[in-house]
Amino acid sequence: MDIKDMARPLDGAGVSAFLRSLPAQPRLLGLGEARHFVGELGEVRNEIFRHLVEHEGYRSFAVESDCLMGLVVDDYIATGEGSLDDVMERGFSHGFGASPANRELVRWMRAYNEEHDEKLRFYGFDGPLEYWAASPRQALTALYALLDGPLPRTVVTEEALDTLLGPDERWSNEATAMDPSQSIGRSADARQLRLIADDLAALLDTQLPQLSAEDRERAALYARTATGLLRYHHWMADASPARWTRLSALRDAMMAANLCAIAEHGPALVFSSNLHLQRNRTFMPFGDQVLEWWSAGAIAGTHLRDRYAFLASALGTAGDDVPAPDTVEGVLSTLPWDRAIIDARRLAQAVEKPVPRVSHDFAYFPLDPAQLDMIDGIVFLKSVALD
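Note that this is a predicted model, so its numbers are computed, not measured.

What follows concerns the overall build of the chain. Helix and strand counts for the chain stand at 15 helices and 10 strands. For 387 residues, the compact-globule formula gives about 21 Å, and the C-alpha radius of gyration of the chain, at 22 Å, lands near that figure. Referenced to the eigenvectors of the C-alpha coordinate spread, the extents of the chain come out at roughly 70 × 55 × 35 Å. By the burial criterion, 53% of the 387 residues in the chain qualify as buried. Summarising the internal contacts of the chain: among those between residues at least 6 apart in sequence, 78% fall at separations of at least 24. Accessible surface, the chain: about 17200 Å² in total, of which carbon and sulfur atoms supply 52%. If the 37 positive side-chain charges of the chain are averaged to one point and the 57 negative ones to another, these points end up 4 Å apart.

Put into structure tokens, the structure is as follows:
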């Protein structure tokens with residue numbers, strides 16, 4: 001079988017044809033990154049999103065960035081208040097604000113909203129964490145402020161909440177990543193804050209009818225984030241061998257909860273690492289361990305079923321890294337187009353026993369030939385430059 005029969009040039013027509021091939025129109029369309037900070041992939045993502053907005057009714061975009069910082073970007077594209085420079089600095093985590101493609105995306109979304117009544121939305125869907133976690137202060141105090149009447153003070157006073165939180169630096173200590181003894185996640189204050197966060201989240205449910213739609217959405221985000229952060233900090237203080245597996249799983253669970261909330265406003269394009277969006281279990285070497293957990297895509301897909309679709313990205317020649325011809329990326333490099341979209345499930349049936357690609361670029365995650373039938377489609381770039 002000729003692989004050209006299951007592939008198309010990556011353009012608007014190809015994207016729409018891919019969507020029509022799915023069993024249902026997705027509420028979440030995941031576009032995975034094989035490697036962060038590939039400029040060409042960011043540009044392709046922007047082209048895909050513009051097509052989805054203009055021709056397929058998409059109105060939301062989500063990226064693997066701090067969910068609370070993402071509110072800064074969403075406010076900017078809604079109102080235009082502030083400067084684009086400030087938004088790129090304060091609205092992204094993980095260094096993503098420095099990406100030219102992200103800057104262009106925010107600029108385009110703001111320009112679109114100025115000209116259309118039906119507005120675009122921007123979301124970060126990662127927690128305020130990576131290898132360490134931020135203070136839960138912003139989430140807890142913002143949630144507290146949205147709750148009305150005397151009941152919040154029966155849970156905790158503002159003064160008591162501030163005292164329990166203490167200086168933010170003791171929460172955001174980067175040394176806790178490798179030294180659990182420096183974490184305060186199992187201190188008396190942290191245990192009390194977990195109970196408070198749970199009580200405030202429950203109190204929110206009792207007050208939903210009196211909140212505006214915007215306040216309900218934000219309060220739910222603050223509640224998810226506060227409880228998730230405090231749970232993550234608890235396991236940051238764990239010294240057992242299961243520590244990093246547990247932390248990795250908790251991070252993806254927080255991502256998945258945010259994705260399911262975003263799906264309620266769908267359809268949305270979601271942009272993140274292949275590892276976070278894939279349906280299969282994630283395996284990652286970490287020191288002398290191999291960490292194993294379910295990704296955010298696998299969890300969200302369990303909830304959304306055929307309303308979740310996953311487009312993995314793959315790169316052919318990346319810098320001076322050329323794929324071997326018997327790898328999936330090597331086979332795809334024989335396609336006549338520089339950029340292509342491929343039916344991954346048909347490819348899995350057609351390609352005979354490809355071998356896994358071995359890349360000397362630690363930041364690149366090659367496609368796993370054994371998991372092709374868990375992917376809906378592949379966005380393939382034949383050649384990219386790397387910084």
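Right, let's talk about the nonpolar core for a bit. Ranked by internal contacts, the top residues of the largest apolar core, which has 82 residues, are Ile342, Leu347 and Ile378. Every residue in contact with isoleucine 342, bar those within four places of it in the chain, is listed here: Met6, Ala7, Leu332, Leu335, Leu347, Asp376, Gly377, Ile378 and Phe380. In terms of nonpolar packing, the next biggest core, distinct from the first, is built from 29 residues, Leu140, Val156, Ile184 and Ala226 among them.

Looking now at the packing of aromatic side chains. Tallying each qualifying case throughout the model produces eight aromatic pairs. An angle of 40 degrees between the planes, with centres 5.5 Å apart, marks the rings of tryptophan 108 and tyrosine 112 as tilted. Here tryptophan 108 pairs with tyrosine 112, and both are found in helix α5 (residues 100–115), just four residues apart, close to one helical turn. The class for tyrosine 112 is buried, based on a relative accessible area of 9%. Aromatic side chains tyrosine 131 and tryptophan 244 sit 6.0 Å apart centroid to centroid with 70 degrees between the ring planes, which places their arrangement in the edge-to-face category. On the criterion of sequence distance, the pair formed by tyrosine 131 in the loop between β4 (121–126) and α6 (137–146) and tryptophan 244 in helix α11 (residues 243–263) is long-range, its members being 113 residues apart. In this structure an aromatic cluster arises from ring pairing among Phe49, Phe61, Phe92, Trp108, Tyr112 and Phe122. Sitting over the face of the ring of phenylalanine 271, arginine 45 holds its NZ or CZ atom 4.8 Å from the ring centroid. Over the ring of tryptophan 235 we find arginine 186; its NZ or CZ atom is 5.1 Å from the centre of that ring.

Annotation of the chain at the domain level lists domain 1 (3–129 + 255–384) and domain 2 (136–240). The interface of domain 1 with domain 2 comprises 12 residues on the first partner and 10 residues on the second. The junction of domain 1 with domain 2 conceals about 1000 Å² of combined surface from both sides, 63% of it contributed by carbon and sulfur atoms. Broken down residue by residue, the surface that domain 1 buries against domain 2 is led by Leu68, Leu71 and Leu129, which jointly contribute 49%. Inspection of the domain 1/domain 2 interface yields two salt bridges. Between arginine 218 and aspartate 75 there is a salt bridge whose closest N-O contact spans 2.6 Å. On inspection of domain 1 and its partner domain 2, the count reaches three residue pairs in polar contact (both at pLDDT 80 or more). Broken down by element, the residue count for the side of domain 1 that touches domain 2 peaks at three residues, all from α11. Considered class by class, the residues forming the side of domain 1 that touches domain 2 number eight nonpolar, two polar and two charged.

Residues in a regular strand project their side chains so that they alternate between the two faces of the sheet. Relative to strand β7 (residues 289–294), strand β6 (residues 281–286) runs antiparallel, the two sharing six bridges. Among the inter-strand pairings, arginine 281 is bridged to a residue of β7, identified as tryptophan 294. What sits between β6 and β7 in their antiparallel hairpin is a turn of two residues, with glycine 287 showing a positive phi close to 60 degrees.

Glancing now at α6. Residues Ala139, Leu140, Ala142, Leu143 and Tyr144 constitute the buried set of α6. Where α6 is buried, its residues touch α7 (151–155), α8 (158–165), α9 (188–207) and α10 (213–236).

It is worth spelling out the pattern of salt bridges at this point. This model, assessed by the stated rule, comprises 23 salt bridges. Lysine 4 is the partner of aspartate 2 in a salt bridge, and the nearest nitrogen-oxygen pair spans 2.9 Å. Take aspartate 2: its relative accessible area is 36%, and that puts it in the partly exposed class. Residue class for lysine 4 comes out partly exposed when judged on its relative accessible area of 39%. Between aspartate 162 and arginine 137 there is a salt bridge, and its shortest N-O distance comes to 2.8 Å. Of this pair, aspartate 162 sits in helix α8 while arginine 137 sits in helix α6, and the two are 25 residues apart along the sequence. Because the salt bridges share partners, they merge into one network encompassing Glu64, Asp126 and Arg251.

How each quantity is defined
- Throughout this document, residue positions are counted from 1 along each chain, in the order its sequence is written.
- Local features are withheld for residues below a pLDDT of 70 in this predicted model, meaning they are given only at 70 or higher, and side-chain atom pairs are given and counted only at 80 or more; totals for whole chains, interfaces and linings count all residues.
- Derived side-chain values reflect all non-hydrogen atoms in the structure, with water molecules and hydrogen atoms excluded from consideration.
- Labels follow the DSSP assignment, with helices taken as runs of H or I lasting at least four residues and strands as runs of E lasting at least two, numbered in each case from the N terminus.
- We compute the radius of gyration over the C-alpha atoms and compare it with the globule rule, which gives 2.2 Å times the number of residues raised to the power 0.38.
- Burial here depends on accessible area, computed with a 1.4 Å probe over protein chains only, as a share of the maximum for the residue type. Under 20% is buried, over 50% is exposed, and the range in between is partly exposed.
- Here, two residues are considered to be in contact whenever any of their heavy atoms come within 4.5 Å of each other.
- Computed with a 1.4 Å probe, the accessible areas rest on the Shrake-Rupley method; for each residue, only the protein chains presented here act as cover.
- The charge count includes Lys and Arg as positive and Asp and Glu as negative, but it does not include His or the ends of the chains.
- Taken as the charge centre is NZ of Lys, CZ of Arg, CG of Asp or CD of Glu, depending on the residue.
- To qualify as a nonpolar core, a set must consist of buried Ala, Val, Leu, Ile, Met, Phe, Trp, Tyr and Cys residues joined through side-chain atoms within 4.5 Å.
- Stacked, tilted and edge-to-face are the three classes assigned to paired rings of Phe, Tyr and Trp, where Trp is represented by its six-membered ring and a pair needs centres within 6.5 Å; plane angles under 30 degrees give stacked, over 60 edge-to-face, the rest tilted.
- Any Lys NZ or Arg CZ found within 6 Å of a ring centre and within 35 degrees of that ring's normal is scored as a charge over the ring.
- Here the bounds of each domain stem from an automatic or database domain assignment.
- A 1.4 Å probe defines the accessible area here, and the buried area is the portion of it lost by two parts on being joined, summed over both.
- A pair is scored as a salt bridge if a Lys or Arg side-chain nitrogen falls within 4 Å of a carboxyl oxygen belonging to Asp or Glu.
- Distance and chemistry together define a polar contact, namely a pair of N or O atoms within 3.5 Å, with one atom able to donate a hydrogen and the other to accept it when in protein, and with adjacent residues in sequence counting only for side-chain atoms on both sides.
- The residue classification treats Ala, Val, Leu, Ile, Met, Phe, Trp, Tyr, Cys and Pro as nonpolar and Asp, Glu, Lys and Arg as charged. All others, Gly included, are polar.
- The pairing criterion is simple: DSSP has to find at least two bridges between the two strands.

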